[in-house]
Structure formats: structure tokens, C-alpha cells
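So the chains spell out like this:
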Amino acid sequence: MLTHLECTRCGEHYPADRPQSVCPKDAGILYARYDLPAIKKNFSSARLLARTPTMWRYDAILPDANPVSLGEGFTPMLSSREFSNVYIKDEGLNPTGSFKARGLAAAVTMARHFGLKKLAIPSAGNAAGALAAYAAAAGLEAHIFMPKDVPMANRIECDYYGANVTLVDGLISDCAKKVADMKKEDFWDREGWFDVSTTKEPYRVEGKKTMGYEVAEQLGWRMPQGIIYPTGGGVGLLGMWKAFDEMEALGWIGSERPKMITVQSAGCAPIVKAFEEGKSSSETWTDAATLASGLRVPKPYGDYLILDILKKSKGAAVSATDDEILEATRHWSKVEGIFAAPEGAACLVAYRKLRANGFFKPEDTVVLFNTGSGLKYLDVLDAPQKAVSSAQSAKPQARQIAGIIGPY
Ligand SMILES: [Zn+2]
């Protein structure tokens, strides 16, 4: 039912029967388009009930290809123990421990479908792990470029999945530049590499859009009043918004939409800055620094689409400091029993701020996206502890623990 690809800038159509990257005319992001009236005739949301609890339950609205699956998607929608009407969509339970599994499962599925053999990606960390896993499952080569200071888990998992890893001295933008520079040389074509960078091929958005289908299905086909989403590259935000439009065309939901909220780290907040200034694209954030490595994206390629969605949905853009993120990570662990990725815990910081300023009312249903598992950030989350304990050991002091007094 996939009919063509459409440029999100100029509207030009391109064939979907071959690998495509971005619009050759204006470098706009290409979206997959389907014959939705035909799908509406042949498929109803009631038929989902009997289907597999993975993102492929929505295969009626995904490209027709044999999936490379590790069981991704249909993650739990957990009711918050702390706030009524708040749900935590726990993407940390995906294969490879993050939401990146969805996009890369779809991208690798289509790459194999088109007969591609070698896939390249610049990544802040979790996308690299996901590509490496799905490439391994599909029998394809993965070539990964990531910052040398990525969380240890990302480096080790890529190694174990058999990917070719290049550690770059810099940020994801430097990794992307390295990939772009290599493309200019004939090496790239000679080797037959294909770029699966964020939004530079059409199918990662298709995988991520299943989060939007799940939010609707798991809430009984009612839209929440808000969705808070940690935004690095923003693929999930794009995908969910696309899913809502598709579902409306299919008659599964009406015209109502949630307010879409971007949360970014105060150490790298290009979308928050652009949103506050009323701009339609972002400027490259200089000296990006945050322990939430997935949010260290100085300029998302899809910024023009992200900002458009925030505006259309009457949403907001909120930043959270590393200290706030760390506190929220610990708070969620203790209160909710969810050991979240720092990016995910940033949603709690944003929700508190939006409740405090009256943007959300207690009765509003709001979905917070925990995009990954804290288990992938052990070295990152342990570092502040180490800093504290080394500061303490430098200055010995008597502490009383359970009646035993002694210097520690
Ligand atoms: Zn175009």
C-alpha cells in the first residue's frame, strides 16, 4: 500500500521501489505515503487485537517487506504512581534497550529488501547499538561513527554485534560531517555504503511512527492532551505526528491532537531556543555538553518539521539542566520503579515545570516517553557518584551509620 515518497519541503513525489535518501532538489526529508483510502477499506483498528505485540502489528500501514525483527515495539504504557492521568511509555524495554530499535528495525528491513549490504550511521550512541543489532540479525555490515565519549554500553554492544566502529573526537555533528566527507570521496560508492542517518532515509520515521499508533491504541483510541518527548534528532516526534494524520485518514481517531512537548538538555537546546524566538529552523548549538548523550544533537536535520509540529499542536519546548535530569532519574527509579535513561527522565522535569506554570492541569492526560533504559548509562550515572565519593574521601569526616561511628 506504500505508493510513493513525498518531500516535506517542496512536495515532489519520488518512487518508493528503490533506496532513496533526501530530496535531490532541496535536501528535504522524504516521507513514505500510502494508499490510505484502500487501507481503510480493507483493514480496521479492531483487527489489531489478535495481532503480534510488536510494532509490526501495524504492518498494514508500513512498507510491504519481510521484517527484520527482534521483537521491537508495543512497549508498556505505565500509569504513573506519582501523578494521576500521567502515563510513562517505557521504551527502555525494546531490544537494545532504547526506542532506536523501532526506527532501525524499519530501516534495516528496507535496506535488506532493496539488496543493500553495507549501512553507515553517525550516532550519539543508542542508534548505533540498534543499527549494529539489526544489521547483525539481517546479515548486513554496519559501519558506525560515534563520539569517543559515548556511554560504554554503546561501544561494547556495537563491538559484540560485530559492527565496524570508528570513534570520533567530537559530537554526533562531527560524526555526521565525517560521514558526509567520506561520501564526497569515491570510496563510498565503490564500497556500496548506504547512509541511514537520522531522517536522511525515509524508513526510520516509519518505524518510530508506531509509537503514535501505540499511544492511541493503548489509550483506547483517545488522544492524550499532551506528549512529552526528549528531542535529539526528533524522529519520534515527526513519526508520531505523521501517525496521527494517518490514523485520522483511516478513521481510527478524530481531528484532536495532543500538545507536543519537546524537552532538551539546557546544555544543548537548539529547538527550545528556536521555539522561544519564534523561528522556523534552529541554529547550530555551540559547545553542546550534557550527560544525556542522546540529546547532544547541536542541530537536528528535521528541525523545520519539529518546530512546525510544536507550533501546530500548541505545544511547548522546555529545557532541563543535568542536575535536574539526574535528580529526576533517581526520583523515577525510587517512586516509579523505572530506571530510566537520562533523556527519558528529562520528561519528568518538563512535566513538573508545565504543571507548575499551569500549562497542564491535573486532569490532563499526558504521556511521558522514557526513551531508553538506565542500564545503558551505568558509567554516566555512576560518574557523579564517584565525584561525590572522591570529594568525601579527600576530606575524611565522621559519619554515623547504624550505630557504628567511624571515619569513612
Ligand atoms: Zn524537495
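One can find the structure itself at the top, above this paragraph.
What you see is a predicted model; the values in this text were computed from it and never measured. (Residues numbered from 1 in each chain as written. Predicted model: local features only at pLDDT ≥ 70, side-chain atom pairs only at ≥ 80, totals over all residues. Heavy atoms only, no water.)

Asker: Talk me through the overall build of the protein; I want residue IDs and the actual numbers.
Answerer: When helices and strands are counted, the protein shows 13 helices and 15 strands. Whereas a compact globule of 408 residues would reach a radius of gyration of roughly 22 Å, the protein reaches 21 Å, a difference of no more than 12%. In terms of principal-axis extent, the alpha carbons of the protein reach across some 75 × 55 × 45 Å. Scored against the burial criterion, the 408 residues of the protein give a buried share of 56%. Accessible surface, the protein: about 16,900 Å² in total, of which carbon and sulfur atoms supply 52%. The average position of the 48 basic charges and that of the 47 acidic charges among the side chains of the protein differ by 2 Å. (Helix = DSSP H or I, 4+ residues; strand = E, 2+ residues; numbered from the N terminus. Rg over C-alpha atoms; globule rule 2.2 N^0.38 Å. Buried < 20%, exposed > 50% of the residue type's maximum accessible area, 1.4 Å probe, protein only. Areas by Shrake-Rupley, 256 points an atom, 1.4 Å probe, with all protein chains shown as cover. Lys, Arg positive; Asp, Glu negative; His and termini not counted. Charge placed at Lys NZ, Arg CZ, Asp CG, Glu CD.)

Asker: Could you give me a rundown of the packing of aromatic side chains, with the residues and numbers involved?
Answerer: By the definition in use, this model includes 13 aromatic pairs. Here the aromatic rings of Phe187 and Trp193 are separated by 5.1 Å at their centres, their planes lie at 75°, and the arrangement is edge-to-face. Between Tyr213 and Trp252, the aromatic rings sit 5.9 Å apart at their centres with planes inclined by 80°, giving edge-to-face as the arrangement. Of the two residues, Tyr213 is situated in helix 7 (residues 203-218) and Trp252 in the loop between helix 8 (235-250) and strand 11 (259-265); the sequence distance between them amounts to 39 residues. Each member of the pair Tyr213 and Trp252 is classed as buried. Here the aromatic residues Phe43, Tyr58, Tyr213, Trp221 and Trp252 are joined through ring pairs into a cluster of three or more. Just above the ring of Tyr301 sits the side chain of Lys200; from NZ or CZ to the centre is 4.9 Å. The ring centre of Phe99 lies 3.9 Å from the NZ or CZ of Lys208, which sits over that ring. (Phe/Tyr/Trp six-rings, centres within 6.5 Å; stacked < 30°, edge-to-face > 60°. Lys NZ or Arg CZ within 6 Å of the ring centre and 35° of its normal.)

Asker: Can you tell me about helix 12 (residues 342-356), naming the residues and giving the values?
Answerer: Its 15 residues give helix 12 an end-to-end C-alpha distance of 21 Å, which sits within 8% of 21 Å, the value for a rise of 1.5 Å per residue. With 11 of 15 residues buried, helix 12 lies mostly within the body of the structure. Those residues of helix 12 that fall on the buried side of the exposure criterion are Pro342, Glu343, Gly344, Ala345, Ala346, Cys347, Leu348, Val349, Ala350, Tyr351 and Leu354. The positive-phi residue at the C-terminal boundary of helix 12 is Gly358, with phi of around 80°. (Expected span 1.5 Å × (residues − 1).)

Asker: How would you explain the sheet that holds strand 6 (residues 118-122) if you had to name every residue and give the values?
Answerer: Here four strands make up an open sheet; going across it, the order is 8-7-6-9 and the pairing parallel. Pairing within the sheet leaves two strands with one partner each, and these edge strands are strand 8 (164-168) and strand 9 (193-195). Strand after strand, the sheet turns through a mean of 20° between neighbouring axes, direction not considered. Relative to strand 9, strand 6 runs parallel, the two being bridged by three bridges. Bridge pairing links Lys118 to Trp193 in strand 9. Contacts between helix 5 (residues 172-184) and the sheet are confined to strand 6, strand 7 (141-147), strand 8 and strand 9, with strand 7 contributing the most and set at about 135° to the helix. (Pairing = 2+ DSSP bridges. Axes fitted to C-alpha atoms, helices over the stretch in contact; angles between N-to-C directions. Contact = heavy atoms within 4.5 Å.)

Asker: Talk me through the nonpolar core; I want residue IDs and the actual numbers.
Answerer: Among the nonpolar cores identified, the biggest contains 88 residues, and Ile61, Leu104, Leu119, Leu131, Ile144, Phe244 and Met260 are the most heavily contacted of them. With nine residues, the single largest contributor to this core is helix 8. Counting 32 residues, the second-largest nonpolar core is a separate cluster that includes Leu295, Ile325, Ala340 and Val366. (Core = buried A, V, L, I, M, F, W, Y, C linked by side-chain atoms within 4.5 Å.)

Asker: Residues and numbers for the sheet that holds strand 13 (residues 366-370), please.
Answerer: Reading across from one edge, 4-5-13-10-11-12 is the order of the six strands in this open sheet, with mixed pairing throughout. For this open sheet the edge positions go to strand 4 (77-79) and strand 12 (316-320), each flanked by a neighbour on one side alone. For this sheet, the mean inter-axis angle between neighbouring strands, taken without regard to orientation, is 25°. Both strand 10 (residues 226-230) and strand 13 contribute to a ladder of three bridges, which runs parallel. Across the sheet, the residue bridging to Gly226 is Val366, located in strand 13.

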